[in-house]
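In case you want the letters, here they are:
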Amino acid sequence: MTEAAAEPGHAHRVLQRDQGRVLQQVRDRVRDRVRARWARTASRLTTYADQAAARAARIVRAAGRRGPRLPPVVWDSLLPALLLLNVLTTRAPHELPVAAALTAALALPLLWRRRAPLAVFAVVAAAAFVQWLVDVQLPADLAVLVTLYTVAARSGRRGALVAAAVVEAGVLLACLRWTTQGAFLTPFVAVTAMNIATAVLGVNVRTSRAYLAALEERAARLEHEREQRARLAVAEERARITREMHDIVTHNLSVMVALTDAAVYAQHRSPDRATTAMLQVSETGRQALTDMRRSLGVLRTDEPDAQRHPLPGIAQLEALAEQMCAAGLPTRLEVHGGHGHIPATAQLTVYRLVQEALTNTLKHTPAGTRAAVRIQCSLESVTVDVTDNGPHPPHSAAATPSAAPSGHGIPGMRERSAAYGGTLEAGPLPGGGWAVRTRLFLDGAGAASA
């Protein structure tokens with residue numbers, strides 16, 4: 001009997017457990033379906049909200065684009081017109097004269113609120129006080145909040161605080177007179193909140209306008225500074241190209257003139273020397289064209305000469321000395337110290353200084369003059385010393401800083417030297433001759449262009 005009774009009880013428990021498991025599965029499936037449905041519904045609502053926000057943004061932008069087409073006085077006249085229309089259509093005939101006069105006194109000054117916000121606020125506040133005295137309630141009291149907003153948006157914080165205090169006093173008087181018995185607190189708190197919100201909104205608008213004005217001023221200042229830097233960069237590049245062209249043209253033409261004179265002088269006595277001189281003239285002309293293409297190549301993106309021909313430097317001074325010797329100016333060159341660490345722009349400056357100094361000697365001294373070039377290289381600086389034993393040139397006064405230079409040679413050398421913190425000294429030697437000396441500092445070699 002015990003085992004027989006136990007078997008039906010065990011079967012009953014198994015059946016209950018199976019039923020519970022099935023019910024749990026059903027509940028899980030229902031919950032999953034409900035969650036999925038709510039998720040789809042939420043997704044749709046989010047999509048609809050995003051679409052509505054996008055439509056609202058487009059409407060606001062369209063209104064913002066269309067709004068400024070009308071002058072501000074048109075927008076300011078809408079509220080007075082609506083308030084007057086409301087009084088004319090809602091008031092009884094015996095109340096219309098007083099209500100219309102008070103509405104006009106409250107609403108019409110809004111037309112000038114942008115020009116004189118404090119004066120308009122004072123007029124509207126006085127009209128509202130008269131309205132309180134004659135015990136007439138009007139929708140035109142909205143003009144008080146409009147003028148408060150205008151004062152807060154266009155005047156300082158002190159004016160906004162005074163206007164808000166005046167409005168709050170009017171709110172207190174209005175609530176004391178026009179509220180029913182026992183209902184003072186609710187309207188007073190509500191209207192006070194409107195007063196504070198209006199003042200805060202006006203202050204925020206004024207702050208935003210000031211911030212935008214500061215940003216616009218800063219943008220205009222940065223634009224002006226960028227234009228100034230661009231003009232200075234153009235002027236600096238123009239001066240650099242002018243110096244390069246002066247050095248190239250003056251030097252090579254002087255050499256070509258000297259070689260041509262020598263060729264003409266030797267054409268009958270020594271035709272071989274005349275031929276050699278003319279070949280050197282041709283080579284000097286080609287070199288001048290190459291230098292000009294290289295210097296002007298930075299202005300053209302399709303000019304390959306700047307890549308094919310490196311900038312002249314200290315290594316090319318030997319060829320320069322040989323060229324000057326062929327032109328009739330015996331030149332001795334001495335280079336002390338290694339120059340591999342010197343930047344290319346600094347080496348170009350050294351080359352142009354020596355070139356200009358030797359060209360001046362070739363142009364302004366008689367035959368038989370000798371020149372000497374001494375370059376001292378170190379890790380911190382490069383010293384350039386060019387001397388000759390010729391007589392003083394007739395424009396020697398131009399070497400002094402106080403005198404106005406008659407050409408561009410020495411001023412151009414001073415500019416090149418100043419780009420590397422050096423001071424050029426050019427003038428006659430005590431025992432005769434001319435000297436050009438300067439020292440270029442390599443600390444800011446890359447900061448200034450040669």
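Data block above holds the structure.
Procedures and definitions
Residues numbered from 1 in each chain as written. Predicted model: local features only at pLDDT ≥ 70, side-chain atom pairs only at ≥ 80, totals over all residues. Heavy atoms only, no water. Patch = residues over 30% accessible without salt bridge, like charges linked within 9 Å, V, L, I, M, F, W, Y side chains within 5 Å. Areas by Shrake-Rupley, 256 points an atom, 1.4 Å probe, with all protein chains shown as cover. Salt bridge = Lys/Arg side-chain N within 4 Å of Asp/Glu carboxyl O. Helix = DSSP H or I, 4+ residues; strand = E, 2+ residues; numbered from the N terminus. Buried < 20%, exposed > 50% of the residue type's maximum accessible area, 1.4 Å probe, protein only. Contact = heavy atoms within 4.5 Å. Phe/Tyr/Trp six-rings, centres within 6.5 Å; stacked < 30°, edge-to-face > 60°. Lys NZ or Arg CZ within 6 Å of the ring centre and 35° of its normal. Axes fitted to C-alpha atoms, helices over the stretch in contact; angles between N-to-C directions. Parallel < 35°, antiparallel > 145°, perpendicular 65-115°, else oblique. Left-handed = near helix turned anticlockwise from the far one by under 90°. Expected span 1.5 Å × (residues − 1). Core = buried A, V, L, I, M, F, W, Y, C linked by side-chain atoms within 4.5 Å. Pairing = 2+ DSSP bridges.

Draft legend 1. Fine view of a nonpolar patch on the surface. Judged by side-chain polarity, Val98, Phe129, Val130, Leu133, Val134, Leu172, Leu173 and Leu176 come together as a nonpolar surface patch covering roughly 670 Å² of accessible area. With four residues, helix α4 (residues 117-134) is the largest single contributor of residues to the nonpolar patch. Within the secondary structure, Val134 sits in helix α4.

Draft legend 2. Looking closely at the pattern of salt bridges. Per the counting criterion, the structure on display carries three salt bridges. Close ionic contact of Arg332 with Glu334 constitutes a salt bridge, the shortest N to O distance being 3.3 Å. Put simply, Arg437 and Asp385 hold a salt bridge, and the shortest N to O gap is 3.2 Å. With Arg437 in strand β5 (residues 434-441) and Asp385 in strand β3 (residues 381-388), the pair connects residues that are 52 residues apart, well separated along the chain.

Draft legend 3. Representation of the environment of Ala160. Relative to the assigned elements, Ala160 resides in helix α6 (residues 157-178). Accessibility expressed as a relative area gives 5% for Ala160, which makes it buried. Spatially, the C-alpha atoms of Ala160 and Ala199 are 6.8 Å apart, while their sequence positions differ by 39 residues. The residues touching Ala160, leaving out its near neighbours within four places in the chain, are Leu148, Val151, Ala152 and Val203.

Draft legend 4. Structural view of unusual backbone geometry. Its identity is not glycine, yet Asp135 carries a phi of approximately 60°, on the positive side. For Asp135, the position within the fold is in the loop between α4 and α5 (142-154).

Draft legend 5. Structural view of the packing of aromatic side chains. Counted under the stated rule, the structure contains one aromatic pair. On the basis of an interplanar angle of 20° and a centroid distance of 5.9 Å, the ring pair of Phe129 and Trp132 is categorised as stacked. Placement of both Phe129 and Trp132 in helix α4 is noted, with a separation of three residues, approximately one turn of the helix. Note that Arg177 overlies the ring of Trp132, its terminal NZ or CZ placed 4.2 Å from the centroid.

Draft legend 6. Representation of the packing of helix α7 (residues 185-266) against helix α12 (residues 409-418) within the structure. The geometry of α7 relative to α12 is characterised by a closest axis approach of 11 Å and an angle of 130° between their N-to-C directions. If you check the angle between α7 and α12, you find them oblique. The chirality of how α7 crosses α12 is left-handed. Packed against α7, whose contacting residues are Arg243, Glu244, His246 and Asp247, the element α12 presents Gly409, Gly412, Glu415 and Arg416 at the interface.

Draft legend 7. Molecular detail of the side chain of Gln323. With respect to the secondary-structure elements, Gln323 resides in helix α10 (residues 317-326). Not counting the four nearest positions on each side in its chain, Gln323 is found in contact with His251, Asn252, Val255 and Thr284.

Draft legend 8. Representation of helix α2 (residues 72-90) in the model. Along its 19 residues, α2 runs 28 Å from first to last C-alpha, staying within 8% of the 27 Å computed at 1.5 Å per residue. Among the residues of α2, Asp76, Pro80, Leu83 and Val87 are the ones counted as buried. As for α2, its buried residues are in contact with α3 (96-107).

Draft legend 9. Representation of the nonpolar core in the model. The biggest cluster of nonpolar side chains holds 35 residues, and the ones touching the most others in it are Val350, Val354, Leu358 and Ile375. Secondary-structure elements contributing two or more residues to this core are α7, α10, α11 (344-364), β2 (371-377), β3, α12 and β5. Take this core: its biggest share by element is eight residues, from α11. Those residues in contact with Val350 that lie beyond four places of it in its chain are Ile314, Leu317, Ile375, Val382, Val384 and Leu440. Counting residues in each nonpolar core, the second largest holds 27 residues, with Ala99, Val120, Val146 and Val151 among its members.

Draft legend 10. Inspection of the sheet that holds β2 at higher detail. Ordered in space as β1-β2-β3-β5-β4, the five strands form an open sheet in which the pairing is mixed. Where the open sheet ends on each side, the last strands, each with one partner, are β1 (331-336) and β4 (425-428). Along the sheet, successive strands turn relative to each other by an average axial angle of 10°, direction set aside. Judged from the six bridges that link them, β1 and β2 form a sheet pairing that is parallel.

Draft legend 11. Quick look at the packing of α4 against α5. Where α4 meets α5, the closest approach of the two axes is 9 Å, and the angle between their N-to-C directions is 155°. What the angle tells us is that α4 and α5 run roughly antiparallel. Note that α4 runs across α5; the crossing there is left-handed. Judged by residue contacts, Pro117, Leu118, Val120, Phe121, Val124 and Ala128 of α4 engage Ala143, Val144, Thr147, Leu148, Thr150, Val151 and Arg154 from α5.

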